[in-house]
Amino acid sequence: MMAVEQDRRARNVRLASGDAFSRRDPFVIGDQLSFPLDMFSVPHHYKGDVKEIMIPHGLVIDRIQKLAKDIRHDYADTTIHLLCVLKGGSAYFQDLITALRRFHDHADHSYVPFTFDFIKVKSYKGVSSTGSVQITGGDLAALEGKNVLVVEDIIDTGLTMESLLPVLEARGANSVRVTSLLEKRTELSSGFRGHYVGFSIPDKFVVGYCLDFNEFFRDMDHICVISDRGIERFTEETR
Ligand code: HPA
Ligand code: MG
């Protein structure tokens, strides 16, 4: 009952462009919630490099099934253009399209045809709070008239999305929304909120499921909190 209530509750949130929209609340991972490492299978080559499991892989997949349903509901019978932000967003993207494709089998219900593209985004904090952004790969000219859904792994400060969205809107997209698997509760947040967010997580550095620390940990299924030893071991030597 509580979950249903929470699901239906729509909140007005402010987008970078100033458009008001409503979103469903993400599932909140509490500050103290963690799953013990010895109860789940963690890759041998990362033993000791992670402190705890924050979100087991199975739970990630379960949540994505529901995000796909929410997207189906809101975009019923509309073709969307998924714009996957590499590299971190790639695992979420793959599991999301797997879930969306499954709806195609049931033509008697609404479903969501989709096209997709991949981009890499680098954001720089400029003098203004919005900063600037460098986008590589992907065909931005193809966005004209499309219903764009940006697929991200994590919204942390929100700087990347604050910079990216105006660029996509300027390309003449019919609509631009953001789905992010994770959203961090950090004081450094710009206030940016995604439309379809899987989990609200504590202010900890997470790795796994394509989220990296210096390119490591992408090959781990669970979303975990990095340990001091992991930071030390995978910090690049800068000389
Ligand atoms: N983990 C990995 N990549 C990130 C994070 C994080 O917590 N925040 C922003 N990018
Ligand atoms: Mg990264």
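As a starting point, this report considers the structure included with it. Counting starts from 1 at the beginning of each chain's written sequence and moves along it residue by residue. The naming scheme follows written order: chains are lettered A onward, ligands numbered 1 onward. Local features in a predicted model are, by the rule used here, given only for residues with pLDDT of at least 70; side-chain atom pairs are given and counted only at 80 or more, and totals for whole chains, interfaces and linings are based on all residues. For the side-chain quantities, the full set of heavy atoms in the structure was used; hydrogens and water were omitted.

Only the contacting stretch of a helix is used when fitting its axis, a line to C-alpha atoms as for every element, and angles between N-to-C directions run 0 to 180 degrees. Counting from the N terminus, the helices are the DSSP runs of H or I reaching at least four residues and the strands are the DSSP runs of E reaching at least two. Running from amino to carboxyl end, helix α2 (residues 57–74) crosses helix α3 (residues 90–103) at an angle of 50°, the nearest separation of the two axes being 9 Å. With respect to α3, the axis of α2 lies oblique. The handedness of the crossing between α2 and α3 is right-handed. Here H57, I61, I64, Q65, L67, A68, K69, I71 and R72 of α2 lie close against α3, whose contacting residues are Y92, D95, L96, A99, L100, R102 and F103. Residues belonging to the contact of α2 with α3 are distributed by class as follows: ten nonpolar, two polar and four charged. Throughout, the term roughly parallel applies to angles under 35 degrees, roughly antiparallel to angles over 145, roughly perpendicular to angles from 65 to 115, and oblique to all others. Put simply, a crossing is left-handed when the front helix is turned counterclockwise from the back one by less than a right angle, and right-handed when it is turned clockwise. In this description, contact between two residues means that some pair of their heavy atoms is separated by no more than 4.5 Å. Side-chain classes follow a simple rule in which Ala, Val, Leu, Ile, Met, Phe, Trp, Tyr, Cys and Pro form the nonpolar group, Asp, Glu, Lys and Arg form the charged group, and the remainder, Gly included, forms the polar group.

Moving on to the sheet that holds strand β8 (residues 147–155). Paired strands are those between which DSSP finds at least two bridges. If you trace the seven strands from one edge of the open sheet to the other, you get β3-β10-β9-β8-β5-β6-β7, paired in mixed fashion. Of all strands in the sheet, those with a lone pairing partner are β3 (27–28) and β7 (132–136), marking the two edges. Across two bridges, the pairing between β3 and strand β10 (residues 196–201) is parallel. Across the sheet, V28 pairs through a bridge with S200, a residue of β10. Each of β3, β5 (80–86), β8, β9 (175–184) and β10 is contacted by α2, which is oriented at about 145° to β10, the strand it contacts most.

Multiplying one less than the number of residues by 1.5 Å gives the expected span of a helix. Helix length check: α3, at 14 residues, gives a terminal C-alpha distance of 20 Å against a target of 20 Å (1.5 Å per residue), a fit within 8%. Every buried residue of α3 is accounted for by S90, A91, Y92, F93, L96, I97, A99, L100 and F103. On the buried face of α3, the contacting elements are α2, β5, β6 (114–124), β8 and β9. Only protein chains enter the accessibility calculation, which uses a 1.4 Å probe. A residue is then buried if its area is under 20% of the maximum for its type, exposed if over 50%, and partly exposed in between.

Moving on, we come to the site of ligand 1. As a matter of local geometry, ligand 1 sits amid I154, D156, K184, K204, F205, V206, L211 and D212. Pairs of N or O atoms within 3.5 Å make up the polar contacts considered here, provided that, within protein, one atom can donate a hydrogen while the other can accept it, and that residues adjacent in sequence are counted only when both atoms are side-chain atoms. Within the contact set of ligand 1, a nitrogen atom lies 2.7 Å away from a side-chain nitrogen or oxygen of D156. V206 is positioned with one of its backbone polar atoms (N or O) 2.5 Å from a nitrogen atom of ligand 1. Isolated, ligand 1 exposes 260 Å² of accessible area, and the fraction of that covered by the protein chains is 80%. Taken together, the residues that form the shell around ligand 1 break down as four nonpolar, no polar and four charged. We call a residue near a molecule or strand as soon as one heavy atom of that residue lies within 4 Å of the molecule or strand. Each accessible area is a Shrake-Rupley estimate made with a 1.4 Å probe; only the visible protein chains count as cover when residues are assessed.

Time to look at the state of the cysteines. Whenever a pair of cysteine sulfur atoms sits within 2.5 Å, that pair is classed as a disulfide. Inspection of the entire model under this criterion finds zero disulfides. C210 supplies the cysteine sulfur nearest to C84, a cysteine that is in no disulfide, at a spacing of 8.7 Å. Classification of C210 by relative accessible area gives buried; the value is 15%.

Our next topic: the sheet that holds strand β4 (residues 50–55). Strand order in the open sheet formed by three strands is β4-β12-β11, and the pairing between neighbours is antiparallel. Each having just a single partner strand, β4 and β11 (206–207) make up the two edges of the open sheet. Judged from the two bridges that link them, β11 and strand β12 (residues 223–226) form a sheet pairing that is antiparallel. Pairing of V206 across the sheet is with V225, part of β12.

With that settled, consider unusual backbone geometry. With omega at -5°, the peptide bond leading from L86 into K87 counts as cis. Structurally, K87 can be placed in the loop between β5 and α3. Positive phi, normally seen in glycine, also occurs at D77, with a value near 60°. Locating D77 in the fold gives a position in the loop between α2 and β5. For D77, a relative accessible area of 55% corresponds to the exposed category.

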